[in-house]
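Fold and geometry: a report
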Amino acid sequence: MNALPLVIFGGLLLADSITAQSLEVVPARVMADEAAAIRVTGVEPNQRVTIRAELTDGGGQAWASQADFAADAQGTVDASKQAPVAGSYKEVSAMGLIWSMMPEAKKVSAYMAVRDLGPQTVDFHLLRQGKELATGHLEQVMLAEGVERLPVHEDGLRGTLFVPPGAGRHPAVLVLGGSNGGVPLRPAAWLSSHGYIALALAYFRFQDLPPQLESIPLEYFQQALEWMAKRPEIGDTRVAVLGTSRGGELALQLGSMFPRIGAVVAYVPANVRIASCCRNTGGPAWTWQGRALPYSIPRQPNLESRVRAAIEVEHTKGPILMISGESDHLWRSWEMADDVVARLNSHHFAYSFENLKYPHAGHYAGRQEIVPAWHGAVRNPTSGQENDLGGSAEGDARSSIDSIPKVLEFLRKSMAGLQ
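Structure report, in brief. As the structure is a prediction and not an experimental result, all values here were calculated from the model.

Parameters and conventions
- Residues numbered from 1 in each chain as written.
- Predicted model: local features only at pLDDT ≥ 70, side-chain atom pairs only at ≥ 80, totals over all residues.
- Heavy atoms only, no water.
- 1 Å grid on protein atoms, 1.4 Å probe; cavity = no way out; pocket = protein on both sides within 12 Å on 5 of 7 lines; lining within 4 Å.
- Points joined across faces, edges and corners; volume = space filled by probe spheres on them.
- Helix = DSSP H or I, 4+ residues; strand = E, 2+ residues; numbered from the N terminus.
- Pairing = 2+ DSSP bridges.
- Core = buried A, V, L, I, M, F, W, Y, C linked by side-chain atoms within 4.5 Å.
- Buried < 20%, exposed > 50% of the residue type's maximum accessible area, 1.4 Å probe, protein only.
- Contact = heavy atoms within 4.5 Å.
- Phe/Tyr/Trp six-rings, centres within 6.5 Å; stacked < 30°, edge-to-face > 60°.
- Lys NZ or Arg CZ within 6 Å of the ring centre and 35° of its normal.
- Axes fitted to C-alpha atoms, helices over the stretch in contact; angles between N-to-C directions.

A water-sized probe, rolled over the atoms, reveals where empty space remains. Counting across every chain of the model gives two cavities of 30 Å³ or more. Roughly 70 Å³ of volume is contained in the largest cavity. In terms of lining residues, the largest cavity is bounded by Trp99, Tyr364, Arg367, Glu369, Ile370, Val371, Ala373, Asp396, Ala397, Ser400 and Ile401. Considering each element in turn, the lining of the largest cavity owes the most residues, four residues, to helix α7 (residues 393–415).

Structure (structure tokens):
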């Protein structure tokens, strides 16, 4: 073991206290939905120090945050137990230094995840009066070790199947994205890391699928459910469906139609079938048996069309959980989710149902990972338009931190008895 350097002070030999100062991150490797403890030791009691966090996102953009803390009587700081006295966030939050990050460049509108579900590295720096005293590092992992990724390109289906490690069958979830199109990899990876088989299903804007969310036949999703039942890892058991935004609307619609679905999780959903997206030409988003399903056009209040377009959620054969933000500026997801609750109540729905509403959260409410939450106007890759999603960084982050364990517990309970 190396001895501490010695300095002469007033004729006495003293260990240099600066070298004893440390910044530790425990554990140093976590899943992206988990918290780590960020601790400082070896500083003077009540001394004010700064912790700065930095990362480079999947788009090569630098993000950073920092917060000042006052050490306790033992000369320690624990960000999971102490609120900063100044800085990027205000209240106690173990991962506040991550979700409160801001981009270093002005042109950046939102955090971009590391590509191909790669890990995210966060660097921490302990500073006092601008001088660096120690460093620490955290690796956030999106996909648990041993999860297998299988591309799906058969029977007309397109997507990715995530299979967790372990022999035998696993509970399964059909995962649906929203108006961005493509394959919803990240929520499926999150579920598979918690022991679920997850089919991330594309239904437009991917490979040879339709380029727009227009006249999508719901038989496609029926086929996906039948395909899942033939997989030996799943078997002929009921499954859950999880969707976000237009995918949340779709999850409620599919749950109302197909008894094979035994539980529904809908993030920021609509309670009615919305018109096609995203060329502003109107028309149906969904068809069934060759016919267009009635739809409603947002921001054009028409009671008759909304009544005809309402999703008959009361026909769902299992519990329903919704997550919504009360500052959602893209559409009023919290009110539409409340309308689902009201409809279920009026029909004396036999299963459990809940709308987790979060103040100050926007259309990103409940995101399943703890990442920089600030965003500006976000460009939709399908329409090319910039959208105001609403919500504050703190509101969105708090909705994620609160809802992540609740969604997992809902799925655990709901799927325990599915047959």
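The pairing of strand β6 (residues 48–56) with strand β7 (residues 62–70) spans nine bridges and is classified as antiparallel. Its bridge partner being in β7, Ile51 is matched across the sheet by Ala67. The turn linking β6 back onto β7 is made up of five residues, and Gly60 within it adopts a positive phi angle of 80°. Of the strand pairs in this sheet, β6 and strand β11 (residues 120–128) are connected by five bridges, and their pairing is antiparallel. Across the sheet, Ala53 pairs through a bridge with Phe124, a residue of β11.

Take the nonpolar core next. Judged by nonpolar contacts, the single largest core of 86 residues is most densely connected at Phe221 and Trp286. Not counting the four nearest positions on each side in its chain, Phe221 is found in contact with Leu176, Leu201, Tyr203, Ile216, Leu250, Leu254 and Trp286.

All right, on to the packing of aromatic side chains then. Tallied over the full model, the rule gives 11 aromatic pairs. Put simply, the rings of Tyr203, Phe204, Tyr220, Phe221 and Trp286 touch in pairs and so form one group of aromatic residues. Here Arg367 stacks its cationic end above the ring of Tyr364, 4.5 Å away from the centre of that ring.

Read across the sheet, eight strands follow the order β13-β14-β16-β15-β18-β19-β22-β23 without closing on themselves; strand pairing throughout is mixed. One side of each edge strand has no neighbouring strand; the edge strands of this open sheet are β13 (148–154) and β23 (353–358). Shown here is a sheet whose adjacent strand axes are inclined to one another by a mean of 15°, direction ignored. In the sheet, strand β19 (residues 261–267) pairs with strand β22 (residues 320–325) via four bridges, with the strands oriented parallel. Bridge pairing links Val264 to Ile320 in β22. The sheet contacts of helix α3 (residues 219–230) involve β13, β14 (157–163), β15 (172–176), β16 (197–202), β18 (239–244) and β19, and relative to β16 the element is tilted by about 155°. Across the sheet, helix α4 (residues 246–257) is in contact with β15, β18, β19 and β22; its angle to β19 comes to roughly 160°.

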